[in-house]
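Structural characterization, general
The lines below spell out each chain.
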Amino acid sequence: MIRFPSAPGARVLAFLVLLVSLPALAAPGRVAVSSAHELATAAGLEIFEQGGNAFDAAVAVSAALAVVEPASSGIGGGGFWLLHRPEDDFSTMVDGRETAPAAATRDMYLDDDGEVVRDLAINGPLAAGIPGAPAAWVHLADRYGTLPLAQLLGPAIRLAEEGFPVDSKYQTLLNFRAHIMLRWPDTAEIFMPGGDIPELGAIIRQPELANTLRALAEQGFDGFYRGPVAEKLVAGANAEGGIWSLDDLAAYEVVEREVIRTSYRGHELITASPPSSGGIAIAQILNLVEPYDLAAMSRVERVHLLSEAMRRAYRDRALYLGDPDFVEIPTDMLLSPHYAAGLRAGIRMDRATPSAALAADPSLLPESDNTTHFSLMDGDGNLVSATLTINLPYGAAYVPPGTGVLLNNEMDDFSAAPGVPNEYGLIGFEANAIEPGKRMLSSMTPTIVQSPERVAVLGTPGGARIITMVLLGVLDFIDGNDPASWVSLPRFHHQYQPDEISLERGFLTEEEIAELEALGHEVTVRARTWGNMHGVMWDRVNDRVEAAHDPRWDSGGAEVRDSR
Ligand code: DON
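Residues numbered from 1 in each chain as written. Predicted model: local features only at pLDDT ≥ 70, side-chain atom pairs only at ≥ 80, totals over all residues. Heavy atoms only, no water.

Side note on the overall build of the protein
Summing up its helical and strand segments, the protein has 20 helices and 18 strands in all. Along the first, second and third principal axes, the C-alpha atoms of the protein reach 60 × 60 × 45 Å. Burial status across the protein gives 64% buried among its 564 residues. A fraction of 74% describes how many contacts in the protein between residues 6 or more apart in sequence connect residues 24 or more apart. Accessible surface computed for the protein: about 18,900 Å², of which carbon and sulfur atoms make up 52%. (Helix = DSSP H or I, 4+ residues; strand = E, 2+ residues; numbered from the N terminus. Buried < 20%, exposed > 50% of the residue type's maximum accessible area, 1.4 Å probe, protein only. Contact = heavy atoms within 4.5 Å. Areas by Shrake-Rupley, 256 points an atom, 1.4 Å probe, with all protein chains shown as cover.)

Take a look at the structure:
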């Protein structure tokens, strides 16, 4: 699998020596949960009340989000759960990413002229990878939890049965996808009864999803991946153009991946490894900018320098990254200080580097804020940073009859054709081409940062922009700020192609934008905000635990409580 470079490894060792040489630091004694929905946060707190640990709570929060935030993640999708246990300094990434069905082919979304048919790549069951989320919940509970799976799924089953009230995020994201969902009236009836976007406060009940969750609770992996639920999933997917088989489901495997570790200015980062591109990209960006004093720079200089670093990391993402079980990723090279020095040599502070001058190819980018991230900590300091998705809002917009399982459209995260952008404007080549059983490259970047004094858990949805949002959050934490600051920071982004810096409205003044343009940057101010970051922090020195949710959406829930 992936190998890890010696230089950051040595830095991590130095950090650990520093950590153990300090006086023993007490456990936080409090629990904290920050998620995109207050009912999911409540589900995590309920499990803590029942004596569960962080890993138990992570299962409950994930399953509850699958019910109450159907636009963003779910039992029909996948994700990455980054775990950290301070007791033995153990970290791992539970990879529950979807896989391509065995019948998938690299040209499956191309028409006779070789053009990508976008509709097939994102709408309906042909767009769906084999779900990984339910297998990951079972894995988390069996391997790291302390309570039975049935107890952890209890809140989600209750929410699916009794229903939850529609909020503005539910409505906003459904607006993007309602016209697609209406192609499948039985699916639409679940999420838009009567064919309309439901009113605020309307109650959405999902009894079939409750039954599927119950099968999982009672039978574990087999409750979803074998037997009646699996049969209905395959029949339903294939009746509408899918290519799933019972073997695809039965063969699904969760993989534990060694995390990416790097250090930056006295802090250790523990972050997502491939098939996420996020950890490597963030480590590359931090390596590139470490010699510069960001704090001494003007905002324009800082945005310029970071954008130049982002541009280079996203170029490498397009060229080199994919499922590590299928492609040889040159991780050592990408994270080596020498490689960073070589890239840094091409950065000029007085001028933008055109992306076209860095070998590869172009395209476009829409806005979107589905997917979901939660961060949590238990009273012993165990941490979970998890980013989960079904890809676009409401995924493939299709539920195989009788299952309540809204399918993902994650196949669009593969590169459907070399250099042709996906829904997030991301391009890729051979490394991320479609192959049976392969995991599609992701940008999801659940992250943990620690220094001897403070610990941060953070992440966000946001497609291609996840990586840069997490980067900005990490830098803000390292600057000494609290979660309320990281989650609300104004955001900017560069992803190599399209060759532009995009800004959230109101971040930079007209004069600052003109200065960036004078350096040769194309600058686009986006009409919409992006991201939905959820963060938790433990300040060991001042004995403070804080949790914050992104103010861009009002549905989030962030709470800190004394642990039992
Ligand atoms: O795994 C990925 O990178 C994407 N499927 C995430 C999609 C996402 O964040 C959508 N939200 N804006």
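As for the sheet that holds strand β16 (residues 534-539)
A sheet is described by the order of its strands in space; here 6 strands give the open sequence β7-β8-β11-β12-β16-β17, paired in antiparallel fashion. The open sheet has two edge strands with one neighbour each: β7 (260-264) and β17 (544-549). Direction aside, neighbouring strands of the sheet carry axes that sit 15° apart on average. Two elements, β7 and strand β8 (residues 267-271), share 5 bridges in a ladder whose sense is antiparallel. (Pairing = 2+ DSSP bridges. Axes fitted to C-alpha atoms, helices over the stretch in contact; angles between N-to-C directions.)

Observations regarding the site of the ligand
Thr371, Glu410, Asp413, Ser442 and Ser443 are the nearest of the 17 residues found near the ligand. Within the contact set of the ligand, an oxygen atom lies 3.0 Å away from a side-chain nitrogen or oxygen of Arg97. A distance of 2.7 Å separates an oxygen atom of the ligand from a polar atom in the side chain of Ser442. Contact with the protein chains hides 99% of the accessible area of the ligand, taken as 350 Å² for the molecule alone. Taken together, the residues of the shell around the ligand sort by class into 4 nonpolar, 9 polar and 4 charged. Residues lining the shell around the ligand come from more than one domain, with at least three contributed by each of domain 1 (34-81 + 89-256 + 387-422) and domain 2 (261-367 + 445-562). (Near = heavy atom within 4 Å. Polar contact = N/O pair within 3.5 Å; in protein donor to acceptor, adjacent residues only side chain to side chain. Nonpolar A, V, L, I, M, F, W, Y, C, P; charged D, E, K, R; others polar. Domains from an automatic or database assignment.)

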